[in-house]
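Structure at a glance
Chain by chain, the residues run as shown.
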Amino acid sequence: MASLFPLKSFTILALTSALLLSPALAQTTCATISPKYAPVVTAGYTAKVLMNGLTAPRGMLFDSKGNLLIVEQGGAGVRLVKLTHGDGINVCVASSKQLINDSSLNHGIQLTGDGKTLFVSSETIVYSYTYDATAGTVRAKKTVITGLSPSGHATRTLLISKQNPDQILVQVGSNANIDSATTEASSGRSQARIFSINALKAGTSSVAYTTGTLFAWGLRNSIGWAEEPTTGGIWSNENSLDDAKRNGVDVHMNNPGEELNYHGVLNDTKSPQFGANYGYPLCIAARDPTILPANTKIQIGTQFVYGTVGGINTDDLCAPKQAPRLTFPAHTAPIDLKFNANGSALYVTFHGSWDRQPPDGYRLSRVDFKNGQPLQPANSANPAVNILTNADNTKCPNDCFRPSGLAWDSKNRLYMASDSTGEVFVISGA
């Protein structure tokens, strides 16, 4: 996917790494941190490494006091980072400490609207903590949701709605490339369910995942979830299946595409998207329809069946499924989604491919929005603008940064984690 703006190489400067400096020194002296792999940044944006030395940073958020909370998937639990702020990307780490010592936590993290309850997730359990942003402490750990599938795609994304603040969404992916059992919603996989936060807090025991309200299913592994701020519409990305064939022809290099899906508003039970099926494991979205055998008017974003077409296995099966709103290049592996404050842009981290040549992904991109919907049509071949990219994707995945989590601070600066290099970048211009 080519950028719509000219790209420029740049030298990323950073102010400090609290993992390497003492807190006292970090508050008064800012060191330069060179990125492990210097990104190329599109015109109009600036970026630098804020900190490094982290253990596979993934989900991130800011609390009410401006502290950055980071889930370290590599077994380090949750980290709390205090920052000092200047203009632009003039941000410095003042101190850093482990907030939660739990090696099972691997991705999901959310705070309630009042900032006093913190939710985090392991592969199988969602926990809550009473959180004090001023003190930077947690207490009263509570197991609130259990029975999340213990195999396959391991991350469990959490989303708390700002427009419906009593609702928390919990996502579970498939347990295999093709998880046949997910043709039934009762499998508890490849889906997202919603729960009442007040009920979870008031309950004296945990609840089973499958008791939550089914919000969306037929989603192989939708890791990124975001709420559009002007309409309350919920969006997700989809990591689609690997090794696709159709009528014996290997089409996997450029098919299926990764997806950007629209789910309506979280509490709008009458919308066509509420509780809808998005196709997996039966139907997948075309990214390069020109190489598909038995192509009957399939275009970018059209859902089709894989395998041998015939009998009951025809593209007609896909007609009742919810098609993606946009379709990204195959195997780029979108991880996180975050809207800017006015809803004019959605930023997407693409973690990068493992099963295509040349490699693709390994970038931060922007999808432009207006009135709660993307500007690009559903069949667009250029759905996003690249913001941060690796200089040479042929060196990926081993020798490049791999974007993962995103977070906004109160000054509308975007923070991006790279789990492969243990870094967090701060970006202005977003």
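Just so we're clear, the structure is a prediction, and the values are computed from it rather than from any experiment.

About the cut-offs
Residues numbered from 1 in each chain as written. Predicted model: local features only at pLDDT ≥ 70, side-chain atom pairs only at ≥ 80, totals over all residues. Heavy atoms only, no water. Helix = DSSP H or I, 4+ residues; strand = E, 2+ residues; numbered from the N terminus. Rg over C-alpha atoms; globule rule 2.2 N^0.38 Å. Buried < 20%, exposed > 50% of the residue type's maximum accessible area, 1.4 Å probe, protein only. Contact = heavy atoms within 4.5 Å. Areas by Shrake-Rupley, 256 points an atom, 1.4 Å probe, with all protein chains shown as cover. Lys, Arg positive; Asp, Glu negative; His and termini not counted. Charge placed at Lys NZ, Arg CZ, Asp CG, Glu CD. Polar contact = N/O pair within 3.5 Å; in protein donor to acceptor, adjacent residues only side chain to side chain. Pairing = 2+ DSSP bridges. Disulfide = S-S within 2.5 Å. pLDDT = per-residue confidence, 0-100.

Summing up its helical and strand segments, the chain has two helices and 33 strands in all. Taking 22 Å as the expected radius of gyration for a compact globule of 430 residues, we find that the chain reaches 21 Å, a close match to that expectation. Residue burial in the chain is summarised as follows: out of 430 residues, 59% are buried. Of the contacts made within the chain by residues no fewer than 6 positions apart, 59% connect residues no fewer than 24 positions apart. Accessible area for the chain stands at about 16,000 Å²; split by element, carbon and sulfur atoms hold 51% of it. Charge separation in the chain, taken as the distance between the mean sites of 34 positive and 31 negative side-chain charges, equals 5 Å.

Let us now look at the environment of His85. Looking at where His85 falls in the secondary structure, it is placed in strand E6 (residues 77-85). On the basis of relative accessible area, His85 is assigned to the partly exposed category, the value being 37%. Setting aside its immediate chain neighbours within four residues, His85 contacts Gly66, Asn90, Val91, Asp409, Lys411, Arg413 and Tyr415. Within the structure, His85 has its side chain in polar contact with the side chain of Arg413 (distance 2.6 Å).

The next point concerns the sheet that holds strand E10 (residues 126-132). Ordered by their spatial adjacency, five strands build an open sheet running E8-E9-E10-E11-E15, and the pairing between neighbours is mixed. Two strands in the sheet have a free side with no partner beyond their single neighbour: strand E8 (109-111) and strand E15 (207-208).

It is worth spelling out the side chain of Asn106 at this point. Along the chain, Asn106 turns up in the loop between strand E7 (91-100) and E8. Under the relative-accessibility criterion, Asn106 is labelled buried at 8%. Among the polar contacts made by the side chain of Asn106, one reaches the main-chain carbonyl oxygen of Ala154 at a distance of 3.1 Å. In this view, Asn106 contacts Arg58, Val71, Gln73, Ser121, Ser122, Glu123, Ala154, Thr155 and Arg156; residues no more than four positions away in its chain are not counted.

So, on to the pairing of strand E16 (residues 213-217). In the sheet, strand E14 (residues 191-196) pairs with E16 via four bridges, with the strands oriented antiparallel. Bridge pairing in E16 places Ile194 opposite Thr213. Bridging between E16 and strand E22 (residues 276-277) involves two bridges; their strand directions are parallel. The residue of E22 that forms the bridge with Ala216 is Ala276.

Right, let's talk about the state of the cysteines for a bit. Inspection of the entire model under this criterion finds two disulfides. Each sulfur of the disulfide joining Cys283 and Cys318 lies 2.2 Å from the other. Around the S-S axis, the bridge from Cys283 to Cys318 shows a dihedral of about -95° and counts as left-handed. Of the two residues, Cys283 sits in strand E23 (residues 283-285) while Cys318 sits in the loop between strand E24 (303-305) and strand E25 (326-328), which places them 35 residues apart along the sequence. Cys318 carries the same exposure label as Cys283, and that label is buried.

Within the secondary structure, Gln73 is located in the loop between strand E5 (68-72) and E6. As a C-alpha pair, Gln73 and Ser104 span 31 residues in sequence and 8.1 Å in three-dimensional space. Gln73 has contacts with Thr55, Ala56, Arg58, Leu105, Asn106 and Thr155, leaving out every residue within four places of it along the chain.

Along E5, five of the five residues are buried, which leaves the element largely enclosed by surrounding structure. Side-chain alternation along E5 places Leu68, Ile70 and Glu72 on one buried face and Leu69 and Val71 on a second face that is also buried. Here strand E4 (residues 57-62) runs beside E5; their pairing, made up of four bridges, is antiparallel. Looking at E5, one finds that Leu61 is bridged to Leu69. Two successive antiparallel strands, E4 and E5, enclose a turn made up of five residues, where Gly66 displays a positive phi of approximately 85°. Of the strand pairs in this sheet, E5 and E6 are connected by five bridges, and their pairing is antiparallel. Pairing of Glu72 across the sheet is with Gly77, part of E6. Counting the residues between successive antiparallel strands, the hairpin from E5 to E6 contains four residues, one of them, Gly75, with a positive phi of roughly 100°.

Turning to the confidence of the model for the chain, a few remarks are in order. Across the chain, the average pLDDT comes to 92, with 93% of residues at or above 70. Note on residues 1-29: pLDDT under 50 across the span, and 88 contacts to partners over four residues away in sequence or across chains.

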